[in-house]
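Observations on chain architecture
Take a look at the letters that make up each chain.
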Amino acid sequence: MNDLFTVTVTVNGTQYERTVEPRLLLSDFLRHELGLTGTHVGCEHGVCGACTVLFDGAPVRSCLMFAVQANGHEILTVEGLGTMDDLHPLQEAFREAHGVQCGFCTPGFLMSLVPFLEENPDPTEEEIREAISGNLCRCTGYQHIVDAVQLAAEKMRT
Amino acid sequence: MAKKYVGQRMTRTEDPRLLTGQALFVDDVDLPDMLHAAFLRSDHAHARLKSIDVSAARERPGVVAVYTAEDMGDIWQPGPPLVSPPPTVEDIVFHSRTQVPLVKDKVRLAGEPLAVVIAESRYIAEDALDDIAVDLEPLGAVVDLEKALEPDAPVIHDDLDSNLAAHLVQQKGDYAAAREKADLVIKRRILIDRGTAAAMENRGIVAHWDEKSQHLTLWDTTQAPIPVRNGLAGMFGLSPTQVRVIAPFVGGGFGPKIMMFYPEEVCLTWATMKVGRPIKWIEDRRENFYATNQERGQVHDAELALTRDGRILGLRDDFIHDTGAYDPYGLTVPLNTQCHVLGPYEIPSFYSDLKMVFTNRPIVSPLRGAGRPQGVYVIERLLDIASKELGIDRVEIRKRNFLPPDVFPYDNQIIDQAFVPLVYDSGNYLPILEKAAAMIGYDKFVKEEQPRLRAEGRHVGIGIVCFIETTGIGPYEGARVTVETSGKISVATGVGTQGQGHFTSFAQIVADQLGVSPRDVRLVTGDTAEFHWGTGTFASRGAVVAGNAVHAAASSVRAKVLKLASKVLEVPEEELELEDGQVRVADAPQQSISLGELAVLANPLRGAVEPGTEPGLESTDYFGPKYGATASGAHAMILEVDPETMLVEIKRYVLVEDCGTMLNPLIVEGQLQGGVGMGIGSSYYEQLIYDENGQLLNASFADYLVPTASEVPRVEIAHLETPSPLNPLGTKGVGEGGCLPVPCLFAQTLEDALADYNIEVLETPMSPNKLFELLEAARGAGRET
């Protein structure tokens, strides 16, 4: 049997303690150990970005990390961004601009965009496209996602 | 009754759930005592299975069971054909060979499943795959379409003489005579190769057999839950009422998520019944490249016969279509190709010899476009070449051949994929092309801007193409609409949803009929317990067929509401109107009753329901169109190429689409933009590369290049509408239209951008590598000017 390690991690402001195998991926930990299934797994090789979460405020691909690496750290997932009755301006903007179709890539985009908009509160279209070029979407063709980001930036500036 | 909601750009009702990570996808399903499956897959594309030993795997701690084909006993059988050959085409040759749950004697594609491991976790299940000892005797692999038909080619299905899966000829008029009369005959070979849907969500299944209640529940990323339910019930000797298939939120479909059955669907069902616990299998991305269906391999030898002023006299298209290792989907994809080669044009004579071949590659089934893009590619390329050789402008030559707007319904005199005559129901092609040309500034660009840019040494090209698209085919769909005592409306339909916004667009239809807000309409799709008659989401038919079924059911409920309200309010029906969830007397709005109160009155706890009526305010209705509805469009773009790096930049992209009445223009535009994105991928960035052993060389997103926001431009969209006369809403499908003409547009525009090299692009997907080779050949031949 593999050794087990205790992981203590704060996710969306709540502290969790679990005992896990060292090879357990962070994405699987969040989804199946903690039941936070909003973070999605699209490729498990670090290209599609659907699994993006914030790790101490920085966007990471949770499919390329192990849960044990999160020990002692803070994670923000899409569940921590807003609720159905109280959407984050970014989530509102995605809705208004029709930036969501199947919704599978969406949490990854949102979590990549949160730190981006913090650093770039007034981005150009070109800057937005570059910022999201690490997230794949197969449904939207990206145009309405770009519109959503511009709309969100506007909302968040006022 | 005014159309208040249909046609509105409403935001989607389902979005908050998706945006906050609260939507249920198959991998989110978590049941008590759930086990996990992993499949051992063949590394060889063509091989005999000599032996397989799973005993060591069974010993591994945490492994509950390991099964092979032998273990499955009598249940093991090749799947049913999903689509049979068209009974309406004469002299057809068709060999139906379908996929198996687990390999028993012969492997026919790399990735075909050999065994399934059921374990406490996916990690342990995958560990156990390494414990399985397999002896495979490799056979020569068949990968090239033409080599597949050579006499010494290895035969993939041993009981057949060759790898010919099907052969049929369709024709009209007299092509040989047309060819004789023609002033110009263009003949070219066109090569088209495979891509994959690469939906962001891979496939997945949770199968749960409950022994005590004798009930099977399957969560499945399928686009067609009802056929899967009926098929599994039949296969396992259950009543369909014992089987529930749920397609919850699905992360993109695009076609390949329809099969009856994928091997995993059969294996998981069988295994859950054996083991007595729920079992989950989630495909990983690498598996998706092998285990999920793909599309688009064809070789065309095509000929266009024209007069010197560019009028088409005849078209001949002989082609070979790759169906992969098995052909459960029949001739659907190549028939679409054969039909769409005719385009929006008047083509008096036509001859097409279609051969379908087996290869040692994954199964081919529809992938967005479903064979249509290939047909569009052939005709548009031939017209472009004719335009050059005759010295007639590209836009002009198309105009000269358009079917005029007074010929509809137009019978093309060949059979389409739905086994009925290919009839275009309505359309008006000239304004579409002219609008697209105007939007991109075609004349000004060709006459003024392009010469100026070329003088600066830049390679900027402009392209413009057009197409028709058959959509909205039968057989039928159904819907049930119910007014609840709360006053809210619930709707159920059998199609599934993979991002098309059915929850909103269908609610808009109901809202107009019943005078409620679309936000008060709760829609369920893709759950056979809620609705179990129908086929599925494919072929751009959801809005047309399910949408019109929803409309029919909502209209029936409206009639019931009016009848009952008229009795209750003691006012003739003609004086009543439905608005804001109330039934009101038009001239005396204080005389009203709410829909919820009416629903209570319609289901009395005392007193009887009158003979010939039903309790409640509910109706189930169906819609089954005789023909599909014909959408059409034109796309144009301006693109710059760097002839040293071969990188391209799309400067502008415009499209004009006619999808009849739009239910929700916001959703329509999303579909078109997404379609163009996939089209761009399949034109220049995506191709599945197989070697001569049938090995896929680029089975990951690192090497199979799905376009990002850097590659897909802003798309300017305009709409023209010729409502379909075939359905009350006048809708036509639009799910696939965005991607149909993109490869041929890319070809034309690349040629135009590199006009000084005088290349011909006759292959798709293109790529920087292939473009480099074309330019090198042109430089070598001294063709560069």
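Predicted model only: the values in this text are computed from it and were never measured. (Residues numbered from 1 in each chain as written. Chains lettered and ligands numbered in written order. Predicted model: local features only at pLDDT ≥ 70, side-chain atom pairs only at ≥ 80, totals over all residues.)

1. Re the overall build of chain A
Within chain A, the regular secondary structure consists of five helices and five strands. The N-to-C order of helical and strand elements in chain A reads β-β-α-β-β-β-α-α-α-α. Against the compact-globule benchmark of 15 Å for 158 residues, chain A has a radius of gyration of 16 Å, which places it among compact chains. By its C-alpha atoms, chain A is 50 × 30 × 25 Å across when sized along the principal axes. The buried share of chain A, taken over its 158 residues, is 56%. (Helix = DSSP H or I, 4+ residues; strand = E, 2+ residues; numbered from the N terminus. Rg over C-alpha atoms; globule rule 2.2 N^0.38 Å. Buried ≥ 20, exposed ≤ 12 C-beta atoms within 10 Å, placed from the backbone.)

2. Focus on the overall build of chain B
The secondary structure content of chain B amounts to 18 helices and 30 strands. Relative to the globule expectation of 28 Å for 785 residues, the C-alpha radius of gyration of chain B, 28 Å, shows essentially globular dimensions. Seen through its C-alpha atoms, chain B measures out along the principal axes to roughly 90 × 75 × 50 Å. Looking at chain B as a whole, 57% of its 785 residues are labelled buried. The long-range fraction of contacts in chain B, counting pairs at least 24 apart against all pairs at least 6 apart in sequence, stands at 80%. (Contact = placed C-beta atoms within 7 Å.)

3. Re the interface of chain A and chain B
Across the contact, 43 residues belong to chain A and 42 residues belong to chain B. No other element matches helix α2 (residues 89-96) of chain A, which puts four residues into the side of chain A that touches chain B. Looking at the side of chain A that touches chain B residue by residue, the class counts come to 19 nonpolar, 16 polar and eight charged. (Nonpolar A, V, L, I, M, F, W, Y, C, P; charged D, E, K, R; others polar.)

4. Topic: the sheet that holds strand β20 (residues 477-483) of chain B
All names here are of chain B. Here four strands make up an open sheet; going across it, the order is β22-β21-β20-β26 and the pairing mixed. Edge strands, defined here as strands with exactly one partner in the open sheet, are β22 (521-525) and β26 (618-623). Strand after strand, the sheet turns through a mean of 15° between neighbouring axes, direction not considered. Alignment of strand β21 (residues 489-493) against β22, held across five bridges, turns out to be parallel. In the strand pairing of β22, Ile-489 is matched with Val-521. Packing of helix α13 (residues 502-514) onto the sheet brings it into contact with β20, β21 and β22, and relative to β22 it is tilted by some 135°. The strands that helix α14 (residues 542-569) touches are β20, β21 and β26; relative to β26, the one it contacts most, it runs at about 145°. (Pairing = 2+ DSSP bridges. Axes fitted to C-alpha atoms, helices over the stretch in contact; angles between N-to-C directions.)

5. Let's talk about the domain arrangement of chain B
Taken domain by domain, chain B holds domain 1 (15-21 + 474-623), domain 2 (143-195 + 294-402), domain 3 (203-282) and domain 4 (424-472 + 630-785). Placing a centre on the C-alpha atoms of domain 1 of chain B and another on those of domain 2 of chain B gives a separation of 45 Å. (Domains from an automatic or database assignment.)

6. With respect to the pairing of strand β11 (residues 215-220) of chain B
Residues and elements named next belong to chain B. Buried residues dominate β11, accounting for five of its six residues. Direction of pairing for strand β10 (residues 204-210) relative to β11: antiparallel, over a ladder of six bridges. Looking across to β11, one finds that Trp-209 is bridged to Leu-216. Here β10 folds back onto β11, and the loop between the two strands holds four residues, one of which, Gln-214, carries a positive phi near 55°. Pairing of β11 with strand β12 (residues 243-246) involves four bridges; the strand directions are parallel. For Trp-219, the partnering residue across the bridge sits in β12 and is Ile-246.

7. Concerning the confidence of the model for chain B
On average, residues of chain B score 96 in pLDDT, and 99% of them reach the 70 mark or higher. Across the assembled chains, the prediction reports ipTM 0.98 with pTM 0.96. (pLDDT = per-residue confidence, 0-100.)

8. Points about the domain arrangement of chain A
Residues and elements named next belong to chain A. Segmentation of chain A into domains returns domain 1 (5-80) and domain 2 (89-157). Between the C-alpha centres of domain 1 and domain 2 the distance comes to 22 Å. The interface of domain 1 with domain 2 comprises 15 residues on the first partner and 12 residues on the second. Elements that contribute at least two residues to the side of domain 1 that touches domain 2 include exactly β3 (52-55) and β4 (58-61). Broken down by element, the side of domain 1 that touches domain 2 gets its largest block of residues, three residues, from β3. Here the residues of the side of domain 1 that touches domain 2 sort into eight nonpolar, seven polar and no charged.

9. What to know about the sheet that holds strand β2 (residues 14-20) of chain A
Residue and element names in this part refer to chain A. Pairing is mixed in the open sheet, where five strands are placed in the order β2-β1-β5-β3-β4. With partners counted over all chains shown, the strands left at the sheet margins are β2 and β4, one partner each. The sheet shows a mean angle of 40° between the axes of neighbouring strands, direction not considered. Where helix α3 (residues 106-119) meets the sheet, it contacts β3 and β4, and its direction lies at approximately 35° from that of β3.

10. Digging into the packing of helix α8 (residues 332-340) of chain B against helix α9 (residues 372-390) of chain B
All names here are of chain B. Put simply, α8 and α9 touch, their axes get as near as 7 Å, and they point 30° apart. One finds that α8 runs roughly parallel with respect to α9. Where α8 crosses over α9, the handedness of that crossing is right-handed. Between α8, through Asn-336, Thr-337, Gln-338, Cys-339 and His-340, and α9, the contact on the second element is made entirely by Arg-372, Gln-374, Gly-375 and Val-376. (Parallel < 35°, antiparallel > 145°, perpendicular 65-115°, else oblique. Left-handed = near helix turned anticlockwise from the far one by under 90°.)

11. Quick word on helix α5 (residues 143-157) of chain A
For α5(A), spanning 15 residues, the distance from its first C-alpha to its last is 22 Å, which sits close to the expected 21 Å at 1.5 Å a residue. Every buried residue belonging to α5(A) is among A:Gln143, A:His144, A:Ile145, A:Val146, A:Ala148, A:Val149, A:Leu151, A:Ala152 and A:Ala153, and all of these are buried. Packing partners of the buried residues in α5(A) comprise α2, α3 and α4 (125-131) of chain A together with α16 (665-685) of chain B. (Expected span 1.5 Å × (residues − 1).)

12. A short note on helix α3 (residues 122-129) of chain B
Residue and element names in this part refer to chain B. When we look at burial in α3, the residues that qualify are Ile-124, Ala-125 and Ala-128. Here the buried residues of α3 occupy an arc of 100° about the axis, which is enough to place them on one side. Structurally, α3 contributes buried residues whose contacts are with β1 (35-41), α2 (55-59), β3 (63-67) and β6 (113-119). (Arc of directions from axis to C-beta.)

13. Some details on unusual backbone geometry
For the peptide bond that leads from B:Met260 to B:Phe261, omega is 5°, which places it in the cis range. Along the chain, the position of B:Phe261 falls in the loop between β12 and α6 (263-275). Cis rather than trans, the peptide bond between B:Gly474 and B:Pro475 has omega equal to 5°. Position of B:Pro475 among the secondary structure elements: in the loop between β19 (459-471) and β20. One non-glycine residue, A:Asp56, lies in positive phi territory at about 50°. One can find A:Asp56 in the loop between β3 and β4. When the 12 C-beta atoms within 10 Å are taken as the criterion, A:Asp56 is described as exposed. Phi at A:Tyr142 is positive, roughly 75°, even though this residue is not glycine. By secondary structure assignment, the location of A:Tyr142 is in the loop between α4 and α5. Its 28 C-beta neighbours within 10 Å are what place A:Tyr142 among the buried residues.

14. Considering the packing of helix α10 (residues 394-401) of chain B against helix α11 (residues 429-440) of chain B
Residues and elements named next belong to chain B. Closest axis-to-axis distance for the α10/α11 pair is 10 Å, and the angle between their directions is 170°. What the angle tells us is that α10 and α11 run roughly antiparallel. Contacts between α10 and α11 involve Val-395, Arg-398 and Lys-399 from the former and Leu-430, Leu-433 and Ala-437 from the latter. The residue makeup of the contact of α10 with α11, split by class, is four nonpolar, no polar and two charged.

15. Quick look at the pairing of β10(B)
All names here are of chain B. Of all seven residues in β10, six are buried, a share of seventy percent or more. Bridge analysis of β10 against strand β13 (residues 279-282) gives four bridges, and the strand direction is antiparallel. Of the residues in β13, the one forming a bridge with Ala-207 is Ile-279.

16. Remarks on the environment of B:Lys563
Its place among the elements puts B:Lys563 in helix α14. Looking at B:Lys563, the number of C-beta atoms within 10 Å reads 15, which means it is partly exposed.

17. Here we look at the environment of B:Ala599
Within the secondary structure, B:Ala599 sits in helix α15 (residues 595-601). Look past the residues within four positions of B:Ala599 in its chain and what remains in contact with it is B:Val483, B:Glu484, B:Thr485, B:Gly616 and B:Leu617.

18. With respect to the environment of B:Met200
Topologically, B:Met200 is positioned in the loop between β9 (184-192) and β10. Sequence separation of B:Met200 and B:Tyr684 is 484 residues, and the distance between their C-alpha atoms is 20 Å. Apart from the residues lying within four places of it in its own chain, the contact partners of B:Met200 are A:Gly42, A:Cys48, A:Ala50, A:Phe104, A:Cys105, A:Leu136, A:Cys137, A:Arg138, B:Gly251 and B:Gly252.

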